[in-house]
Every structure is written in structure tokens, then in C-alpha cells.
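What follows is the residue order along each chain.
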Amino acid sequence: MADGAREPLVQVRGLKMHFPITSGLLRRQVGAVKAVDDVSFDILPRETLGMVGESGCGKSTTGRAVLRLYDITAGSIRIEGAEIGSLSQTALRRLRPKMQMVFQDPQASLNPRMTVAAIIGEPLDEHTRWGRRERLDRIYELMDAVGLNRNFANRYPHEFSGGQRQRIGIARALALNPAFIVCDEPIAALDVSIQAQVVNLLEELQERFGLTYLFISHDLSMVRHIATRVAVMYLGKIVELAPREALYADPLHPYSQALLSAVPDPDPSLAEKVERIILTGDVPSPSSPPQGCNFCTRCPQVMPVCREIEPETREVSHGRFVACHLHDATHDPTGGRTPGTRQEPNQQGVTR
Amino acid sequence: MTEIPRPITEKEPHAVAGPKPFTPDEAMRPPRSQWLDVWDQFKTHNGAMAGMIVFLGIVLFVAVGPWLWTADPGFINIRARNQGMSWTYPLGTDQLGRDMLARMMHGGRVSVAVGLTAMFVGLAIGTLIGVVAGYFRRLDGPLMRLTDLFLALPLLPLLLVMVLLFREVLSKNFGEATGIFILIVTAIGITSWMQTARIVRGDVLALKEREFVLAARSIGTPPGRMTTRHILPNVMSPIMVSATLGIAAAIITESALSFLGLGFPPDFPTWGRLLFDGRDWIEQYPSRVVWPGVFISLTVLSVNFIGDGLRDALDPRIRGR
């Protein structure tokens, strides 16, 4: 994409995940929750794409849809060049080892009736024909890799602390040597001290095994620490996608600006000076998003055009994508002009 | 209780995070079979152990007993009728002079066998339908309506029709006793699975939204193994409970059928039959009712306790506590 040198490992185009709303006796569909609505991004090998946004904006759904844990409504997902968007679950099974997931709640993501060895060994049972000895060796190896004592192999998840449980989850995700791991808020349910441990572990494993992450989080500082590029989501859409430094230094989209201004500053004297952008109102319902730009109901810099036309994602500078009329060359930022006549490619930058 | 330093068992030594003491010999110990843990926990449940001993006693009584006490349960000795306990007739005799002990043993065979088998049949159907309905959304509606249908059917008339229709055929093919046994077990089985199915479906619906099921899906576990590995072990508790209740219900239903003359033939003793036969004599000879009643209750109670213990033992969160 941005640098043509490397082929993206994961390529998502126009991903839509709508959940039907049914009502009445015949369960007829009366609408849809547009949890993810037309999302496109690329992830390069060995990089970490951070995905941030407030609760309910569709981050987790995107992560799960990319791994095809849901049957997606529309769009294309390519992993290592193989299209998986439209594959059946049976056909997907063979590709599962390449892509794995680390879940948000380590308590809920481990079967309470299985021992650690059984949990970590489950992917091996499903995808290898290894013998008992070989399997056990691999389990021990994985436990070493994530920093779990081998003695814990016979224990059950409830006997562990949150951080240790998350390590078990990570070991399970690593079992089949995946290339791509979706980390769905892996640190949200952990103590601050444990968060750092887990994030460092993830970084270390990335270096060791050459992993590629989609790191979903609402912790902006943590994303800044781990991600190479960051995508900001709002109401099912990516509003801004940029390299980490650029985004944190100079957010372009008004929503990114508001989001970043909410990050607390450790220096109290400095924190007082900083002017916070405080958004008013609530996030609109994803079942009936506003006309035009999704953010137009809360945007501090809203213009008439925002209420009519949905902004397209465009590359404003190298590797920076933003979906906002403020950064649209065809519109006057001060607001008067109506619809863009020029047809922009509806991709991040140029279509391949 | 909480403050007393517990003896360090194989589970506890260093459960807490932090720098972990490393014991090499322990590290090389391969994962232990879950069933050993289950048995260890089961042994600590006093009620369950007592229940197990009683139940094994009953099973021995009805299975081995007839070999040791060789009296013929059908032998009529009209001169020795209505006798009390004695060395010749430890449990007395009935109104036709038949030996009650022998009748209890033979009757118990049938009753326990019917109870256990019918429970398993009912449980298997109920669990299967519950899991399928809960797991596959598409089948949920039809299967649950089927369950409602069965719940709404009046059971006794249904059983009557079944017995009338199939009794002859089955007796002809399998011999009288086996034929009726099969008939009764199937009849009770297919009329008692509905509660289990409903309970299991409810639990499966809740379980399948849990993240570990999603995790298994991301691994690529197919639906079959998903249910056996992740869903079924986690719905064990309600299944256990309805199983233990199912045995009692099956024994009672069998008695009711025999009483109506639709189960086993009148000269064929079962506990339910003995109970109903003794009913007419309850004022003169209460022991005639008490013995079968006690045995039915003991069976049900002991199975209940076993189920209770098993349920606890199968839950790793309770285990080791």
C-alpha cells in the first residue's frame, strides 16, 4: 500500500458486518445494526496495527470479522493473498493455523473444565497428528515462551491470576505458529502493572516469531507504545488511519483530536493548560447512523456538507488516510460548497 | 477453617504468581488424567460415598441375591400365606404364600434395570435434542416445538396406546420378558426427555456465547468436537440433576404401568408391582408395602447423592476445596 516494497499480509476491503434486527411473529428483518460499515485497511508483515475507538464503535467486531468468526455481510479479506471473505467455515478450517486471536477477558476465554495443557494443546489436537510426547513437548515449549511455569500444566484456569490466564490465552494462540494474531483488547481486563507485562510479552513474541498484530484497544497510550500504525474507528467506520507518530503528534480528524485530547497528561501543571475537546451528546445508534458523516452529530467543526454527504477516505499525505470533509480538497474547509463532482476512489488511496 | 494452614496437597504448593520455585521432578510429570482428580474429589464427598455404598449394596442384592437365596418368587404355597418374618421367610410371605425376599430380589432386578435404562434413554434423547436445539439456531424452533408437543401430550394414554400397539410384536420377537422390558424402557424414555432437553438447551444457548467457544471456533474446532469438548462438560451439572431425578421417575412410572396392568404381567414381580399388590393389605401387613417402598426410596436417594457428588467432582472450581 503506502510503501510498495512489502506486500500486505492482511488486506481488508469494504468489510461490512451488519447484524439483522428482527421483530414480529415471523421474525422479519426490520433493520440492521451496522457494527462495521465499509472498513478497509492493510496490515504489513511484522507490523502492529493499533485500532482505537470508544466502546461500541465496532473494534472488536472488526477483529472477529477479519478472522471470519462471523459470517460477514460484504467485503473482501485476504490473508497472505488468500481470499477468506467468502470461504465456508469448513474450508476455513485449513487456514485457521495462520490466524489466531487473543481475547479480551482471559477468564471467559478459557474453558473452566480444561487443564492448561488441554487448553494450549487444543489447536495441536485439531491441526496436527502429533503423538502424546511431541504434543507435550510443544505445550511445555509454549509455556516457557509465555513465561508460565511448566508445573502449572495440570491446573485449571480458575487457579490463575488474570495475567497468567492471559498468558495461557497467548500460548494457545501461538501454538500453531500463526503469522497473524488479532489481539482483542488483551489488556483491558488486567491490572495496570500486569498490562505492561502482557504488552511487553506480546512485543517480545512479535520479535521472536515475526508476528503481525491487529491490536484492538481503547487504551490510547498502550496503543501508542505497541502499534506501528493506528486506525481510529467511530461508529463502524475508520475515520483516520496513520502512522503512530504522525497521528499522536497531529491528529487530522476532529474525532481523533477529541479522543487524543482525552488522554490524561502525567504532568498536572501541563494538564491544566491543555485545552480539552469535550464532545457533547451520545454516539448515534449504529442501527440508524446519521445521514452524511457519521460524526456530524457531535463534531465541533461540523459544516453543512457534513450532514449531507458521507466523506470518503483519502490519503492526505504519505500514509495518512482520513475521512473528513475538512481535509477534502474538493470542498472549501470553511464550508459552503456542495457535493464533490470528482469521483474519488473509495479506497485508502489508490485502488490496486 | 480458612486460617488453618492446610496440608500441602499435590495441588496447592505454589499457586500464586511470582518467581516460581522449580522442582525438576515435578516438572516432568505428564498431565494427570482428569478422572483421577474427579475420583479424589468424589471420595471426599461423604454423602456421595454413602450413596454409592448403598447403591452398590442394592445392585448386589438384586444381582447376586437370587443366586444365594434360591427360593422361586413365583412358587405359591397357599398354606404359608401372610406370614411374618421368620428364618424360612426372612421377609414373610404374601397373600398367596410367595416368598417376599425372593420377590424383592427378582422385582428389584427389573425395577433397577428399568430405572437405569429408561433414565439413560431419556437422558440421551434429552441431551441430544437440547444440545442440537441450543447449538444450531436453525433447528431450535422445530425441536423446541417438538418438545412442547411431547410436554403437552397426556402421558398415560400415550403409553397405553404404545403398549397396545407394540406389546405383541415385541413379545413375539424378543420373548415375553425382554419384549416388555424394551417396550417399557422405550416408552418411559421417550416420554421423559423433555425437561432435560429444555434445561440443556437453555444452558447451551448461554454457553455458546461465551468467549471460550469463540476461541475454539477461531482454532477451527468443528461443531461436533465443540459440543463434546466445550459444551457438554459445562452442562454436566443440570444433566446430572435431571438424571438422578429421572431414575426415580422411571421406577415410579413403571410401577404405575404395572399397576394398570400394562407393564409386566401380574405374576412378574417388580418393586412397583409389589407396592401396589401390598396396598390392599396395608392395614393388616404393613411390611408388605414398607419393603418395596424402602427399596425404591433408597435407590432414588442413593442415586441422588451419587449425582450430587459427581456434579461437584466434575467441576474443577469446586474440586480441591
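Everything quoted here is computed from the prediction, not taken from an experiment. (Residues numbered from 1 in each chain as written. Chains lettered and ligands numbered in written order. Predicted model: local features only at pLDDT ≥ 70, side-chain atom pairs only at ≥ 80, totals over all residues. Heavy atoms only, no water.)

A. Up close: the overall build of chain B. A tally of regular secondary structure across chain B gives 14 helices and zero strands. Mapped from its N terminus to its C terminus, chain B presents α and β elements in the order α-α-α-α-α-α-α-α-α-α-α-α-α-α. By residue count, 45% of the 321 residues in chain B fall in the buried class. Pairs at least 24 residues apart make up 68% of the contacts formed inside chain B by residues separated by at least 6 positions. Accessible surface computed for chain B: about 16,500 Å², of which carbon and sulfur atoms make up 69%. (Helix = DSSP H or I, 4+ residues; strand = E, 2+ residues; numbered from the N terminus. Buried < 20%, exposed > 50% of the residue type's maximum accessible area, 1.4 Å probe, protein only. Contact = heavy atoms within 4.5 Å. Areas by Shrake-Rupley, 256 points an atom, 1.4 Å probe, with all protein chains shown as cover.)

B. Just the packing of helix α3 (residues 116-127) of chain A against helix α5 (residues 162-174) of chain A, in detail. All names here are of chain A. For the pair α3 and α5, the least separation of the axes is 7 Å and the interaxial angle reads 30°. Taken together, the axis directions place α3 and α5 in an arrangement best described as roughly parallel. For the element pair α3 and α5, the recorded crossing hand is right-handed. Contact residues: α3 offers V116, I119, I120 and P123, while α5 offers I168, A171 and R172. (Axes fitted to C-alpha atoms, helices over the stretch in contact; angles between N-to-C directions. Parallel < 35°, antiparallel > 145°, perpendicular 65-115°, else oblique. Left-handed = near helix turned anticlockwise from the far one by under 90°.)

C. Examining the packing of aromatic side chains more closely. The final tally for this structure, using the stated rule, is ten aromatic pairs over all chains. Taken together, a centroid distance of 5.4 Å and an interplanar angle of 90° make the contact between F19 of chain A and Y70 of chain A edge-to-face. Of this pair, F19 of chain A sits in strand β1 (residues 10-23) while Y70 of chain A sits in the loop between α1 (59-66) and β4 (74-79); the two residues are 51 residues apart in sequence, bridging distant segments of the chain. Here F19 of chain A falls in the partly exposed class, since its relative accessible area comes to 27%. Look at F61 of chain B and F295 of chain B: their rings are 5.0 Å apart centre to centre, the planes differ by 25°, and that puts the pair in the stacked class. A residue pair is termed long-range when its members are at least 10 positions apart, and F61 of chain B in helix α3 (residues 46-63) and F295 of chain B in helix α14 (residues 287-314) qualify at 234 residues. Note on accessibility: F61 of chain B and F295 of chain B belong to one class, buried. Members of the aromatic cluster, connected to one another through ring pairs, are Y234, Y255 and F295 of chain A. Sitting above the plane of the W67 of chain B ring, R109 of chain B keeps its charged end 5.5 Å from the centroid. (Phe/Tyr/Trp six-rings, centres within 6.5 Å; stacked < 30°, edge-to-face > 60°. Lys NZ or Arg CZ within 6 Å of the ring centre and 35° of its normal.)

D. Summary view of unusual backbone geometry. All names here are of chain A. Despite not being glycine, E185 has its phi angle at roughly 45°, a positive value. The topology assignment puts E185 in the loop between β7 (180-184) and α6 (192-209). Positive phi is not limited to glycine here, since L235 has a value of about 50°. According to the relative accessible area criterion, L235 is buried, its value standing at 4%.

E. Quick look at the sheet that holds strand β6 (residues 99-102) of chain A. Residues and elements named next belong to chain A. Taken in spatial order, the eight strands of this open sheet run β6-β7-β8-β3-β9-β10-β12-β11, and their pairing is mixed. Every other strand in the sheet has two partners, leaving β6 and β11 (314-317) as the edge strands with one partner each. Across the sheet, the mean angle from the axis of one strand to that of its neighbour is 25°, orientation sign disregarded. On top of the sheet, α6 reaches β3 (48-52), β7 and β8 (212-216); it is set at about 160° to β8, its chief contact. (Pairing = 2+ DSSP bridges.)

F. Region of interest: the side chain of S40 of chain A. Residues and elements named next belong to chain A. Along the chain, the position of S40 falls in strand β2 (residues 28-43). We classify S40 as buried; its relative accessible area is 13%. A polar side-chain atom of S40 sits 2.8 Å from the main-chain amide nitrogen of G14. (Polar contact = N/O pair within 3.5 Å; in protein donor to acceptor, adjacent residues only side chain to side chain.)

G. Structural context of the sheet that holds β2 of chain A. All names here are of chain A. A sheet is described by the order of its strands in space; here four strands give the open sequence β2-β1-β4-β5, paired in antiparallel fashion. The open sheet has two edge strands, β2 and β5 (82-83), and neither has a second partner. As paired elements, β1 and β4 share five bridges and run antiparallel to each other. Each bridged residue has a counterpart across the sheet, and for K16 the counterpart in β4 is A74.

H. Representation of the packing of α3 of chain B against α14 of chain B. Residue and element names in this part refer to chain B. For the pair α3 and α14, the least separation of the axes is 8 Å and the interaxial angle reads 135°. Here α3 lies oblique to α14, going by the angle between them. The handedness of the crossing between α3 and α14 is left-handed. Here G47, A48, G51, M52, V54, F55, I58 and F61 of α3 come into contact with α14, specifically with F295, L298, T299, S302, V303, F305, I306 and G309. Residue classes in the contact of α3 with α14 are distributed as eleven nonpolar, five polar and no charged. (Nonpolar A, V, L, I, M, F, W, Y, C, P; charged D, E, K, R; others polar.)

I. View of the pairing of β1 of chain A. All names here are of chain A. Both β1 and β2 contribute to a ladder of eleven bridges, which runs antiparallel. Within the sheet, the bridge partner assigned to V10 lies in β2 and is I43. In sequence, β1 turns back onto β2 through a hairpin of four residues, with G24 there showing a positive phi of about 85°.

J. Main features of the confidence of the model for chain B. All names here are of chain B. For chain B, the average pLDDT comes to 79, and 88% of its residues sit at 70 or higher. Counting interchain partners and residues more than four positions distant, the pLDDT-below-50 stretch residues 5-27 has 31 contacts. This prediction of the complex comes with two scores: 0.77 for pTM and 0.79 for ipTM. (pLDDT = per-residue confidence, 0-100.)

K. Fine view of the pattern of salt bridges. Using the criterion set out here, one finds 29 salt bridges over all chains in the structure. Residue R64 of chain A pairs with D184 of chain A through a salt bridge whose shortest N-O separation is 3.7 Å. With a gap of 120 residues between them, R64 of chain A in helix α1 and D184 of chain A in strand β7 connect regions that are remote in the sequence. Residue classification places R64 of chain A among the buried positions, given a relative accessible area of 16%. Between R78 of chain A and E83 of chain A there is a salt bridge; the shortest N-O distance is 3.6 Å. Under the relative-accessibility criterion, R78 of chain A is labelled partly exposed at 32%. A relative accessible area of 27% means that E83 of chain A is categorised as partly exposed. Shared partners join several salt bridges into a network, and the residues in it are R93, E122 and E126 of chain A together with R225 and R229 of chain B. (Salt bridge = Lys/Arg side-chain N within 4 Å of Asp/Glu carboxyl O.)

L. Highlighting the side chain of H230 of chain B. Position of H230 of chain B among the secondary structure elements: in helix α11 (residues 223-231). A polar atom in the side chain of H230 of chain B sits 3.0 Å from the side chain of N111 of chain A. The residues touching H230 of chain B, leaving out its near neighbours within four places in the chain, are N111, M114 and E122 of chain A together with F212, A216 and R225 of chain B.

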